Amino acid sequence: MRTIYENYRGFKISKEESTYNAISSDHVIFSRWQLSQVLDTVDQYVDIMDPNTSTNSEFGLPQN
């Protein structure tokens, strides 16, 4: 296993054989074939779990 990112938005990103894994301290795990897919999945998960980090709030748009 090779570590890609030690702390990407709270996840450790690593590559094991032909898959990329994202593991959080809360034991949330994502596995994908491509690095970009696992990073996108982490981004979506973090944005859903913490609405204050969504891109809409950065531009001052109202949130429901």
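Up top is the structure.
Residues numbered from 1 in each chain as written. Predicted model: local features only at pLDDT ≥ 70, side-chain atom pairs only at ≥ 80, totals over all residues. Heavy atoms only, no water.

Turning our attention to the sheet that holds strand S2 (residues 11-16). Overall, antiparallel pairing links the four strands, which are arranged S1-S2-S3-S4 in an open sheet. At either margin of the open sheet sits one strand with a lone partner, and together these are strand S1 (2-8) and strand S4 (29-32). Neighbour-to-neighbour, the strand axes of this sheet turn through a mean angle of 15 degrees, independent of strand direction. As paired strands, S2 and strand S3 (residues 19-24) are joined by six bridges and run antiparallel to one another. (Pairing = 2+ DSSP bridges. Helix = DSSP H or I, 4+ residues; strand = E, 2+ residues; numbered from the N terminus. Axes fitted to C-alpha atoms, helices over the stretch in contact; angles between N-to-C directions.)

The next point concerns unusual backbone geometry. Its identity is not glycine, yet Arg9 carries a phi of approximately 55 degrees, on the positive side. Locating Arg9 in the fold gives a position in the loop between S1 and S2. The partly exposed category is assigned to Arg9, whose relative accessible area is 34%. Of note, Glu17 is a non-glycine position whose phi angle comes to about 55 degrees, a positive value. With respect to the secondary-structure elements, Glu17 resides in the loop between S2 and S3. (Buried < 20%, exposed > 50% of the residue type's maximum accessible area, 1.4 Å probe, protein only.)

Further remarks concern the pairing of S3. Between S2 and S3, which follow one another and run antiparallel, lie two residues, and Glu17 among them has a positive phi close to 55 degrees. In this sheet, S4 lies alongside S3 in antiparallel orientation, the contact comprising four bridges. Bridge assignment links Asn21 to a residue of S4, and that residue is Ser31.

The analysis is restricted to geometry; functional conclusions fall outside its scope.
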